[in-house]
Amino acid sequence: MNNYDVIVVGSGLLGLSTAYHAQKSGARVLVIDRGSVAYEASSRATGYLSLRADDPDEAPLAGMAEKLWDTLDEELGYPTEWTQKGRLWVAFSDKQVEELKGTYKAFTRADFGFELIDADACRKLIPILSPETRAGLYTPRSGHANPQRVSQAFAWAFQDHGGTILEHTPVYSVIEEAGKVKGVKTKSGDLYAERVVLCAGGYNAKLLEPFGVLFPVATVRLEALVTTPLPPMYEVGFIGLNGLSIRQTRRGNLHANGGPHEWVDVDADSEPNKPNTPIVRNLVRRMIEAFPVAKGAQLLRTWAGVLDITRDQKTIIHRFDHPEGLLVAAGAGHGFGMAPAIGIAMSELTLNGATNAPIKGLGLERFSTLSPNWKAEKQWHAGSYNT
């Protein structure tokens with residue numbers, strides 16, 4: 001009973017998507033997590049698909065993910081609340097307008113239909129925008145979904161195909177014999193598989209240390225909030241240059257996050273602290289500055305989540321030659337939207353050793369000259385903020 005074809009460590013969206021596609025392809029797959037399913041970053045994300053138009057390595061994979069989102073409800077058999085009405089970046093000052101022009105220049109590297117629009121055009125997309133709105137950067141591409149629904153859909157669909165999820169079971173190490181992966185050591189004993197996929201966010205780094213791998217990922221605590229439901233007002237994904245992302249849910253809630261984030265450490269046995277702090281008041285202030293109508297809304301709840309960010313804030317997808325059978329993925333802070341495509345790529349790499357997904361340039365080779373002190377050099381110290 002402790003033998004599987006594939007063990008996926010981490011039940012976030014990257015892990016669940018990988019496991020779903022591998023199980024659907026006929027493998028016997030176990031997903032194992034130290035906590036509950038998708039309890040860290042995945043179910044607490046904003047829910048956007050980032051097209052990564054400024055990055056030639058990631059943009060093709062994001063484009064693949066966009067196509068998959070359109071039929072994901074039918075694929076999984078459960079609702080994700082995916083809405084593809086585009087995405088709008090909004091500037092509220094002259095300084096932000098100049099920033100917006102720089103972003104537009106960067107985004108034209110990919111053909112995702114970005115255009116600079118004036119304040120009136122912005123308000124046609126989001127009528128509740130502040131009178132201080134100066135300009136926007138818009139694409140009809142991209143979209144957003146409900147993170148909790150999506151996590152639930154992948155987990156249920158994986159189990160519908162016969163997959164197994166083991167919660168509240170920390171993984172302490174990857175078992176290797178004669179250059180090949182044999183399984184994982186857990187709190188409940190050893191579990192065996194010849195292929196192990198690490199999708200454990202920042203904890204990937206500690207699992208890879210025994211193999212001499214310097215995995216360039218750090219973890220941060222990010223705060224978020226949601227209001228009580230309001231009448232339907234807009235459907236695009238909003239990103240304010242005041243550092244806030246706000247989407248309106250199917251039920252009318254305003255779901256916002258952003259602002260300073262705190263660097264934190266993670267380990268196998270304990271859940272990182274996720275307190276809300278006075279930063280929430282700052283989030284509320286900026287939400288009201290962007291959407292004055294929000295002044296009359298009530299906060300339904302606030303929370304904090306922990307997510308992983310890679311050194312260059314790009315996705316990592318890597319299959320190791322040694323030990324054979326070991327793979328790793330990290331989403332770099334925007335793994336939510338990319339998860340449908342990353343799951344296919346990781347599943348194919350795991351089962352076939354190759355994939356047709358556009359992952360060129362996303363391997364660990366790009367970090368071959370990374371300094372062992374890279375976190376200190378970036379000043380990404382646990383307990384400090386990114387400001």
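All figures in this text were calculated on a predicted structure; none of them were measured in a lab.

As a further point, take the side chain of Ser 50. Here Ser 50 is to be found in the loop between strand S2 (29-32) and helix H2 (59-70). The class for Ser 50 is buried, based on a relative accessible area of 16%. Not counting chain neighbours up to four residues away, the residues in contact with Ser 50 comprise Ala 62, Arg 87, His 334 and Met 338.

Our next topic: the pattern of salt bridges. Counted by the stated rule, this structure contains 15 salt bridges. For Arg 149, the salt bridge is made with Glu 81, and the minimal N-O distance between the two is 3.3 Å. Of this pair, Arg 149 sits in helix H6 (residues 147-160) while Glu 81 sits in the loop between helix H3 (72-76) and strand S3 (87-91), and the two are 68 residues apart along the sequence. A relative accessible area of 34% means that Arg 149 is categorised as partly exposed.

A word on helix H9 (residues 335-352). Bending of H9 peaks at approximately 45° at the position of Ala 341. Counting buried positions along H9 gives 15 out of 18 residues, so the element sits mostly inside the fold. Trailing H9 by a residue or two, Gly 353 shows a phi angle of about 80°, which is positive.

Take the domain arrangement of the protein chain next. Accessible area lost upon the coming together of the parts is a frequently used measure of interface size. Assigned domains within the protein chain: domain 1 (4-67 + 147-215 + 312-378) and domain 2 (84-143 + 218-310). The gap between the C-alpha centroids of domain 1 and domain 2 is 27 Å. Listed as interface residues are 36 residues of domain 1 and, on the opposing side, 38 residues of domain 2. Summing the contributions of domain 1 and of domain 2, the shared interface buries around 3,000 Å²; its carbon and sulfur component is 54%. In this assembly, domain 1 and domain 2 are joined by one salt bridge. Residue Glu 66 is joined to Arg 141 by a salt bridge in which the shortest nitrogen-to-oxygen separation is 2.6 Å.

The next thing to look at is helix H8 (residues 279-290). Between the first and last C-alpha of H8 there are 17 Å, a value that for twelve residues agrees with the 16 Å anticipated at 1.5 Å per step. Those residues of H8 that sit buried are Ile 279, Val 280, Leu 283, Arg 286, Met 287 and Ala 290. Along the axis of H8, the buried positions cluster into a sector of 125°, meaning they face one direction only. On its buried side, H8 packs onto strand S10 (217-227), strand S11 (237-240), strand S12 (244-248), strand S13 (254-258) and strand S15 (299-310).

Calculation rules
Residues numbered from 1 in each chain as written. Predicted model: local features only at pLDDT ≥ 70, side-chain atom pairs only at ≥ 80, totals over all residues. Heavy atoms only, no water. Helix = DSSP H or I, 4+ residues; strand = E, 2+ residues; numbered from the N terminus. Buried < 20%, exposed > 50% of the residue type's maximum accessible area, 1.4 Å probe, protein only. Contact = heavy atoms within 4.5 Å. Salt bridge = Lys/Arg side-chain N within 4 Å of Asp/Glu carboxyl O. Bend = angle between axes of the 7 residues up to and from the residue. Domains from an automatic or database assignment. Buried area = accessible area lost by both parts, 1.4 Å probe. Expected span 1.5 Å × (residues − 1). Arc of directions from axis to C-beta.

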